[in-house]
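# Commentary on secondary and tertiary structure
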Amino acid sequence: LRKFMRDNHVSAALARRIWHTYRHQTSATEKKLRKQDIDCLLQMPLQLQMQLSAELYTPAMQHLPVFATAAKCHADELAIICHASLSEHPGFPSQEVFHCNIRTDSAICLLHGSMGYRSTKLSTGKIDVREFEWVCEGALWRTWRTR
């Protein structure tokens, strides 16, 4: 990293910000294993994979009213939705999840940790997102552009 910045004449101010972010991101050494990280789980029969997905993701789904209702009325279909439509993506400190005016086709439900949502359009400037809160859920229903 140091060689890259030197060879490409990155300004000292930007290099300091990059180093700070790099150190902050790499200090979180413990990573949560995801089901897609374990090969033997991907080789299991589809029915078992769907049951596992439902058990992993239903708690998060319960926090969005449409899925909470679906869980009561159509529990079998919810397992299919969890398996086919949901996946985990680990975040890291200082990660930017959205960029301005970008089309997105997915929503985010925070499963672990915390996340800050900043926008110049917010009167408070920042909203703290807690576990099991959804962000950008409008993307589930229509074409969505971040602002």
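Reference entry: report on the structure contained in this document.

Basis of the calculations
Residues numbered from 1 in each chain as written. Predicted model: local features only at pLDDT ≥ 70, side-chain atom pairs only at ≥ 80, totals over all residues. Heavy atoms only, no water. Helix = DSSP H or I, 4+ residues; strand = E, 2+ residues; numbered from the N terminus. Rg over C-alpha atoms; globule rule 2.2 N^0.38 Å. Buried < 20%, exposed > 50% of the residue type's maximum accessible area, 1.4 Å probe, protein only. Contact = heavy atoms within 4.5 Å. Areas by Shrake-Rupley, 256 points an atom, 1.4 Å probe, with all protein chains shown as cover. Axes fitted to C-alpha atoms, helices over the stretch in contact; angles between N-to-C directions. Parallel < 35°, antiparallel > 145°, perpendicular 65-115°, else oblique. Nonpolar A, V, L, I, M, F, W, Y, C, P; charged D, E, K, R; others polar. Arc of directions from axis to C-beta.

Turning to the overall build of the protein chain, a few remarks are in order. In terms of regular secondary structure, the protein chain is built from 6 helices and 6 strands. Reading the protein chain from its N terminus to its C terminus gives the helix and strand order α-α-α-α-α-α-β-β-β-β-β-β. Relative to the 2.2 N^0.38 estimate, which gives 15 Å for 147 residues, the radius of gyration of the protein chain is 19 Å and therefore markedly larger than a compact globule would have. Across its three principal axes, the protein chain shows a C-alpha extent of roughly 60 × 45 × 25 Å. Expressed as a percentage of its 147 residues, the buried residues of the protein chain come to 22%. A separation of at least 24 residues holds for 55% of the contacts in the protein chain among residues at least 6 apart in sequence. Of the roughly 11,300 Å² of accessible surface on the protein chain, a fraction of 55% belongs to carbon and sulfur atoms.

Along the chain, arginine 6 falls in helix α1 (residues 2-7). Taking the C-alpha atoms as reference, arginine 6 lies 35 Å from glycine 113; in sequence the two are 107 residues apart.

Once that is clear, we can look at the packing of helix α4 (residues 46-61) against helix α6 (residues 75-85). α6 packs onto α4 with a crossing angle of 90° between their chain directions and a minimal axis gap of 7 Å. The orientation of α4 with respect to α6, classified from their angle, is roughly perpendicular. Each of Leu46, Gln49, Met50, Ser53, Ala54, Tyr57, Thr58 and Met61 in α4 lies in contact with α6, whose residues at this interface are Leu78, Ala79, Ile80, Ile81, Cys82 and His83. Grouping the constituent residues of the contact of α4 with α6 by class yields 10 nonpolar, 4 polar and no charged.

Each α-helix winds once per 3.6 residues, and so residues spaced three or four apart point in a common direction. Among the residues of α6, Leu78, Ala79 and Cys82 are the ones counted as buried. Around the axis of α6, the buried residues are gathered within 105° of arc, so they sit on the same side. Counted as exposed and oriented over 90 degrees from the buried face of α6: Asp76, Ala84 and Ser85. In the core, the buried residues of α6 are packed alongside α4 and α5 (65-73).

Further remarks concern α5. Among all positions in α5, only Phe67, Ala68 and Ala71 are buried. In a view along the axis of α5, the buried residues occupy a sector of 105°, so they form one face of it. Relative to its buried face, α5 has exposed residues pointing more than 90 degrees away, namely Pro65, Lys72 and Cys73. Turning to α5, the residues buried within the fold contact α4 and α6.

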